[in-house]
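# Remarks on the overall topology
Here is how the chains run, residue by residue.
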Amino acid sequence: QAESGIKTALAAQKATLRTVVLKDVSTKGIAATVGSNVDAVIAVGTAAGTWLHKELPGSVPLLYCMITSPEEAGLTVGRPTTGVTTNVPLGTQLALIAEAVPKARCIGMLYHGDTVEGQLQFKRMQEALPADWKLEAVAVEKYRSISDAIDALMERPVDVIWTSADAGMFDAAGVRALLLSSIRTKKPVFGFSPALVRAGALLGIGIS
């Protein structure tokens, strides 16, 4: 869908677009796939953005889209790179939670307390919370497994569990454990994607 949107936008500017799959670029090389006579390269998704940020010659402008966190993907250091993220401001997310769960005053979250990105995420959530709201955060690295961290969070007096698009934490097993615990404890989950809402989260966000 992102590729289609890009094609439509560039066609209106009478620009040409050649689409290349990341797997082909990484195996056959940039010269054989992307070429040397392009005005810019657009990376769709985190995997493409991260790889191209490291491998694309610095003389070729790199843009990105469909990336949740440019900071976590390493796109904010080194070569100049810009683009469009899929981040929804925390204030907007919290406003949606307040609308759907009016009595919510305590947000629970899991985060990586041993990484710069995780610490930054924790700080941003603290700053975004309304004055009369409270944050209960559990650092997953302090527990043997994601399931143990989820159990520890559910034992706290939280009204809604907020999630982020962290594949290292919320993979298929992590999502399953979280949603099962949510049903068991009757503590709703705020999902980071429409798929997570369809799987059982009470509400969430999505990107068109």
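This text gives an overview of the structure that appears in the document. Since we're looking at a predicted model, the values are computed, not measured.

### Overview of the sheet that holds strand β3 (residues 81-85)
Strand order in the open sheet formed by three strands is β1-β2-β3, with parallel pairing between adjacent strands. A single partner strand is all that each edge strand has here, and the edge strands are β1 (41-44) and β3. Here the average twist between neighbouring strands, direction ignored, is 20°. Lying on the sheet, helix α4 (residues 46-55) is in contact with β1, β2 (62-67) and β3; it crosses β2 at an angle near 155°.

### Things to note about the nonpolar core
By size, the foremost hydrophobic cluster in this structure holds 20 residues, and its most contacted members are I97, I107 and M125. Secondary structure elements with two or more residues in this core: α5 (90-100), β4 (106-111), β5 (134-139) and β6 (160-162). Those residues in contact with M125 that sit more than four places away from it in its chain are L90, L94, M109, L135 and W162. Judged by nonpolar contacts, the second largest core, of 18 residues, contains L153, V158, I161 and F170.

### Considering the pairing of β1
Side chains of β1 alternate between two faces, with V41 and A43 buried and I42 and V44 left unburied. Summarising the sheet, β1 and β2 pair through four bridges and their orientation is parallel. Paired with A43 across the bridge in β2 is Y64. In this fold, the crossover linking β1 to β2 by way of α4 has right-handed handedness.

### Thoughts on the environment of L94
Residue placement: L94 occurs in helix α5. L94 sits in the buried class, given a relative accessible area of 4%.

### Re unusual backbone geometry
With a phi angle near 60°, M66 is a residue other than glycine that sits in the positive phi range. Within the secondary structure layout, M66 lies in strand β2. What makes M66 partly exposed here is its relative accessible area of 40%. Not every positive phi belongs to a glycine, and K186 is a case in point at roughly 60°. With respect to the secondary-structure elements, K186 resides in the loop between α8 (172-185) and β7 (189-191). Overall, the relative accessible area of 73% leaves K186 in the exposed class.

What counts as what
Residues numbered from 1 in each chain as written. Predicted model: local features only at pLDDT ≥ 70, side-chain atom pairs only at ≥ 80, totals over all residues. Heavy atoms only, no water. Pairing = 2+ DSSP bridges. Helix = DSSP H or I, 4+ residues; strand = E, 2+ residues; numbered from the N terminus. Axes fitted to C-alpha atoms, helices over the stretch in contact; angles between N-to-C directions. Contact = heavy atoms within 4.5 Å. Core = buried A, V, L, I, M, F, W, Y, C linked by side-chain atoms within 4.5 Å. Buried < 20%, exposed > 50% of the residue type's maximum accessible area, 1.4 Å probe, protein only. Right-handed = clockwise from strand over helix to strand, strands pointing away.

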